[in-house]
Amino acid sequence: MIIINVKEGESLDKALKRFKKKFEKTGVLRELRSRQAFEKKSVTRRTTVKNAIYKQGLNQEVN
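Residues numbered from 1 in each chain as written. Predicted model: local features only at pLDDT ≥ 70, side-chain atom pairs only at ≥ 80, totals over all residues. Heavy atoms only, no water.

Undergrad: Please clarify how the overall build of the protein chain should be interpreted in this entry.
TA: In terms of regular secondary structure, the protein chain is built from three helices and zero strands. When the helices and strands of the protein chain are read in sequence order from the N terminus, they spell out α-α-α. Relative to a compact globule of 63 residues, whose C-alpha radius of gyration would be 11 Å, the protein chain shows 18 Å and is clearly more extended. Over its C-alpha atoms, taken along the principal directions, the protein chain stretches across nearly 50 × 40 × 15 Å. Carbon and sulfur atoms provide 56% of the accessible area of the protein chain, an area that totals close to 6600 Å². Taking the 17 positively charged and 7 negatively charged side chains of the protein chain as two groups, their mean positions are separated by 7 Å. (Helix = DSSP H or I, 4+ residues; strand = E, 2+ residues; numbered from the N terminus. Rg over C-alpha atoms; globule rule 2.2 N^0.38 Å. Areas by Shrake-Rupley, 256 points an atom, 1.4 Å probe, with all protein chains shown as cover. Lys, Arg positive; Asp, Glu negative; His and termini not counted. Charge placed at Lys NZ, Arg CZ, Asp CG, Glu CD.)

Structure below.
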């Protein structure tokens, strides 16, 4: 469970933004979406390799 302490004088919008950021970091929604449908191991491996290639290409452009 995520707990956000609202500081004195802090707007509710800022507190909500902090909550959303923490919630996103936990990866709950990502995990939920991945569990909605079964994905074969070969498909997950293919997507991880694809993502790695994409990230590697981004790093080469920067350097």
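Undergrad: Would you take a moment to explain the pattern of salt bridges for this structure?
TA: Pairs can form between side chains of opposite charge once their charged atoms are near each other. The tally for this structure, following the rule as stated, stands at two salt bridges. The closest approach of N and O atoms between Glu10 and Arg18, which form a salt bridge, is 3.2 Å. Among the ionic pairs, Glu31 bridges to Arg35, the shortest N-O distance being 2.6 Å. Taken as a pair, Glu31 and Arg35 lie in helix H2 (residues 28-35) at a separation of four residues, close to a single helical turn. (Salt bridge = Lys/Arg side-chain N within 4 Å of Asp/Glu carboxyl O.)

Undergrad: Explain the packing of aromatic side chains to me, please; I cannot follow it from the model alone.
TA: Within a pair of aromatic rings, the relevant descriptors are the distance that separates the centres and the angle that separates the planes. Following the criterion strictly, the structure yields one aromatic pair and no others. A centroid spacing of 6.1 Å and a plane angle of 20° characterise the contact between Phe19 and Phe23, whose relative ring orientation is stacked. With Phe19 and Phe23 both in helix H1 (residues 12-26), this residue pair falls four residues apart, about one helical turn. The partly exposed category is assigned to Phe19, whose relative accessible area is 32%. (Phe/Tyr/Trp six-rings, centres within 6.5 Å; stacked < 30°, edge-to-face > 60°. Buried < 20%, exposed > 50% of the residue type's maximum accessible area, 1.4 Å probe, protein only.)

Undergrad: Could you clarify how one ought to interpret the environment of Phe19 in this entry?
TA: Separated by 16 residues in the primary sequence, Phe19 and Ile3 place their C-alpha atoms 8.0 Å from one another. Beyond its immediate sequence surroundings of up to four residues, Phe19 is in contact with Ile2 and Ile4. (Contact = heavy atoms within 4.5 Å.)

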